Amino acid sequence: MSEPGVIPEDVLAELLPPDEKAEGRAVAVIECHEEIPCDTCRWVCPVKAVIKPAITTPPRCDWDACIGCGTCVLACPGLAIFMVKLDGEWAEVSVPYEFLPVPKRGEVVWALDRVGRRVATAEVVRAVTSKDRTSMVTIRVPRGLAHSVRAILPPEDGTGG
Amino acid sequence: MAHPILEFDRGREVEFNFEGRRIRAFESESIAAALVAEGVLTLGWSPKRRRPRGFFCGIGKCSSCLMTVDGVPNVRTCITPVRDGVEVWRQRPLGELPEAPPPEAKAGELDVDLLVIGGGPAGLSAAIEASRLGARVAIADENVRPGGQLIKQTHKFFGSRENYAGVRGIEIARILLRELDGLSATWLTRATVIADYSGRSHDVVVSTPEGPWRIRADAVVVSTGAMENMIPFPNNDLPGVMGAGGLQTLMHVFGVVPGESALIVGAGNVGLILAYQLLQAGVDVKAIVEIMPKIGGYAVHAAKVRRMGVPILLRHTLRRAVGRERVEGAEIVRVDENFRPIEGTEESFDVDMIVLAVGLTPSTEIPRQAGAAWDYVPELGGPVPIHDPYLRTSVEGMYVAGDSSGIEEATTAMLEGRVAGAHAAAELGLRPDRAEGVIKEALRQLESFRSGPFSAKVVRGKQRVWERAREVIG
Ligand SMILES: Cc1cc2nc3c(=O)[nH]c(=O)nc-3n(C[C@H](O)[C@H](O)[C@H](O)COP(=O)(O)OP(=O)(O)OC[C@H]3O[C@@H](n4cnc5c(N)ncnc54)[C@H](O)[C@@H]3O)c2cc1C
Ligand code: SF4
Ligand code: SF4
Ligand code: FES
């Protein structure tokens, strides 16, 4: 039996972009695999890179079309979309964030995995906040963590960590 | 503390009297919320054993907050706004009727085409659709602020573009209220509908702070929402044991966070979303316990709390709440295949809040009082009025929509409300051609929204109800 709230390994493998699609360019990683009634990611994407034939079909990202704009990351009501950019020894991971304070560029935060373990400290490269108050925070982590880091925690913050 | 999503417009500061103490509050608060903010967690006592009782539902449905306000006993203080100088007393345990004469026989009267009972997403949508088609509509809601459950939902909604997918619940409430504002419907706020005597038309009694109103309507839409479920465990009545919606009300409507650490019972969408919202309010969420071998909610909702470090403990249940005057801890235990506790697997948590997210039961008092046929449908959360796909009940001119027709979601509540509102207007002979288009489109969207595996249970329940409707609705 799989852990609650953690996508089973074999399903996850299908959702992650092959290395060459994310080398040197940010692409969306959509970690949403159930048939839930939602299609926000499909209609917000400016280049129609999200493939979703019906409202309850799980979305897939067309990584060749994706321009890494992050619109879907900020819009997804399930906070289930991330961005990954591979860059030599490093990787940039962008995560949705709805806590205060929103960390600023240059700050160092904890990088958390899918079950909240602190797997590294990481520098914030960028942070943007949408009009409806979801932020997207981009951090730099070792390349090997590109597909395990999915959240951040400010250093002395108590929330959840 | 600043909230990542909300800004609170608390309004003017007021002062009221609580058992001889002067308490400062904001005019936007309910009496119960103001007391909880002051640290008064015991809002009353049980009649026989005098056990302390606290805030539970926050929407006027559980009576755990009844107090005597300005001499009037049994006032639901969670839906009564604070005012300068009001006198509030807890009851020990029952209130006493005042000497004063009863209120005027009638405070107001109204004659409308359609009365909508309940101003949540279902009711607002019904009122909007019927008004647009030219019906004279009145809408009554008993809460301090209209909008139903939407006004406490800080998260973004699923759904399709037409149904505000990606928009926060609080914002959807604003959009619907603004839309209705532009139409000519009559609003009755803090107005509780207590009975519908239907003959040829509906003769409805509404209790308001000024006294009772009498409303005659050709049709009524009942969209009274739902009541949170309670589960049995020792000390389940201690202050600090709260319904998920009740806690959302305190945190998101009034900006009051009544504790520092929480244990959540139930890993459906409500429990999962609430866990995330508690983290946003700065609360330490120790765990979510779920008796079933898998979560009931969406994986994406679970994922967003897991990655913030909140454990979800499957096959676990709450054994007891610990504490004397208020919750001081929670004891949980693992269960076997037959849901029996496994001795020796108990675990304790120091928490000051235990939040129940164990389902809702439709509020169907009005249709049942009016004589509507009903059935117990577990897939829809309990007793529901029998209704057809157009939301008609067996009482002529009475519709149900939203959670009171079966527990579902805000998106489906809005769609059902539109169908009911448009159908009622068409039956009155108002622009039936346009109404038909509205109904068709809403039914199409409902079907597509309900097409996934998560809706299978609801669809089964609805189909059973529709089948019964063929027998009981003429
Ligand atoms: C914690 C929580 C989280 C949720 N999250 C989501 C979500 O993410 N997405 C989603 O789609 N749904 C969600 N839901 C479900 C959704 O909120 C409800 O399905 C939806 O609000 C139902 O709408 P409604 O109009 O039927 O009832 P409600 O929103 O409950 O409104 C009913 C209204 O009727 C009024 N009323 C009741 N009785 C009377 C009376 N006798 N006289 C006058 N007025 C009366 C009440 O004051 C209330 O305002 C959530 C629910 C909860 C509790
Ligand atoms: S990142 Fe931009 S381009 Fe890529 S899928 Fe998301 S919205 Fe579309
Ligand atoms: S917007 Fe998010 S939750 Fe909705 S379908 Fe897309 S990925 Fe899933
Ligand atoms: S009726 Fe007031 S808390 Fe439930």
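That block above? That's the structure.
Here is a short report on the structure shown in this document. (Residues numbered from 1 in each chain as written. Chains lettered and ligands numbered in written order. Predicted model: local features only at pLDDT ≥ 70, side-chain atom pairs only at ≥ 80, totals over all residues. Heavy atoms only, no water.)

What follows concerns the site of ligand 2. In the vicinity of ligand 2, 13 residues are found, and the nearest of them are Cys-45, Cys-66, Cys-69, Gly-70 and Cys-72 of chain A. The class makeup of the residues in the shell around ligand 2 is 10 nonpolar, three polar and no charged. (Near = heavy atom within 4 Å. Nonpolar A, V, L, I, M, F, W, Y, C, P; charged D, E, K, R; others polar.)

Neighbouring ligand 3 are Ile-30, Cys-32, Cys-38, Thr-40, Cys-41, Lys-52, Pro-59, Cys-76, Pro-77, Gly-78 and Ile-81 of chain A together with Phe-158 of chain B. Neighbouring residues of ligand 3 are not confined to one chain but are distributed across chains A and B. Residues of the shell around ligand 3, tallied by class, amount to nine nonpolar, two polar and one charged.

All names here are of chain A. If you trace the seven strands from one edge of the open sheet to the other, you get 1-4-5-8-7-6-9, paired in antiparallel fashion. Edge positions in the sheet fall to strand 1 (27–30) and strand 9 (151–153), since each has one partner strand and no second. Adjacent strand axes in the sheet meet at a mean angle of 40° when their direction is disregarded. As paired elements, strand 4 (residues 81–87) and strand 5 (residues 90–97) share five bridges and run antiparallel to each other. (Pairing = 2+ DSSP bridges. Helix = DSSP H or I, 4+ residues; strand = E, 2+ residues; numbered from the N terminus. Axes fitted to C-alpha atoms, helices over the stretch in contact; angles between N-to-C directions.)

The subject of this paragraph is the packing of aromatic side chains. Residues and elements named next belong to chain B. This model, assessed by the stated rule, comprises four aromatic pairs over all chains. Between Phe-158 and Tyr-298, the ring centres sit 5.3 Å apart and the planes meet at 50°, which makes this aromatic pair tilted. Taken together, the residues Phe-158 in the loop between strand 9 (137–141) and helix 3 (169–181) and Tyr-298 in the loop between strand 17 (284–290) and helix 6 (299–306) connect sequence positions 140 residues apart. When sorted by exposure, Phe-158 lands in the same class as Tyr-298, which is buried. If you follow Lys-304 out to its NZ or CZ, it ends over the ring of Tyr-276, 4.8 Å from the centre. The ring of Trp-374 carries the charged tip of Arg-368 above its face, separated from the ring centre by 4.5 Å. (Phe/Tyr/Trp six-rings, centres within 6.5 Å; stacked < 30°, edge-to-face > 60°. Buried < 20%, exposed > 50% of the residue type's maximum accessible area, 1.4 Å probe, protein only. Lys NZ or Arg CZ within 6 Å of the ring centre and 35° of its normal.)

Secondary-structure assignment places Ser-160 of chain B in the loop between strand 9 and helix 3. Within polar-contact distance, the side chain of Ser-160 of chain B engages the side chain of Glu-162 of chain B at 3.1 Å. In contact with Ser-160 of chain B, not counting residues within four places along its chain, are Asp-39, Trp-43 and Ile-55 of chain A together with Ala-165 of chain B. (Polar contact = N/O pair within 3.5 Å; in protein donor to acceptor, adjacent residues only side chain to side chain. Contact = heavy atoms within 4.5 Å.)

Once that is clear, we can look at the interface of chain A and chain B. Reports often express the size of an interface as the amount of accessible area lost when the parts come together. In this complex, chain A contributes 44 residues to the contact, which on the side of chain B involves 39 residues. Between chain A and chain B, roughly 3600 Å² of surface is buried when both sides are summed, and carbon and sulfur atoms account for 59% of that area. Linking chain A to chain B there are four salt bridges. The closest approach of N and O atoms between Glu-98 of chain A and Arg-168 of chain B, which form a salt bridge, is 3.0 Å. The interface formed by chain A and chain B holds 20 residue pairs in polar contact (both at pLDDT 80 or more) in total. Of all elements in the fold, only helix 3 (40–44), helix 4 (71–75) and strand 9 of chain A reach the threshold of two or more residues within the side of chain A that touches chain B. Among the elements that line the side of chain A that touches chain B, the one with the most residues is strand 9 of chain A, at three residues. A per-class count over the side of chain A that touches chain B returns 23 nonpolar, 10 polar and 11 charged. (Buried area = accessible area lost by both parts, 1.4 Å probe. Salt bridge = Lys/Arg side-chain N within 4 Å of Asp/Glu carboxyl O.)

Moving on, we get to the nonpolar core. In terms of nonpolar packing, the biggest core is built from 151 residues, with Ile-139 and Val-141 of chain A together with Phe-16, Leu-35, Leu-278, Ile-288 and Ile-312 of chain B touching the most fellow members. With 10 residues, helix 8 (residues 410–427) of chain B is the single largest residue contributor to this core. When residues no more than four places from it in sequence are discounted, the contact partners of Ile-288 of chain B are Ile-264, Gly-266, Ala-267, Gly-271, Leu-272, Ala-275, Val-305, Val-310, Pro-311, Ile-312 and Leu-313 of chain B. Val-112, Ile-215, Ala-372 and Met-398 of chain B belong to the second largest nonpolar core, which has 21 residues in total. (Core = buried A, V, L, I, M, F, W, Y, C linked by side-chain atoms within 4.5 Å.)

Residues and elements named next belong to chain A. The sheet contact formed by strand 6 (residues 108–112) and strand 7 (residues 118–129) spans five bridges and is antiparallel. Its bridge partner lying in strand 7, Ala-111 is registered against Ala-120. Strand direction decides the pairing type here: strand 7 and strand 8 (residues 135–142), joined by six bridges, are antiparallel. Across the sheet, Arg-126 pairs through a bridge with Thr-138, a residue of strand 8. Between strand 7 and strand 8, which pair antiparallel in sequence order, lie five residues; one of them, Arg-133, sits at a positive phi of approximately 75°.

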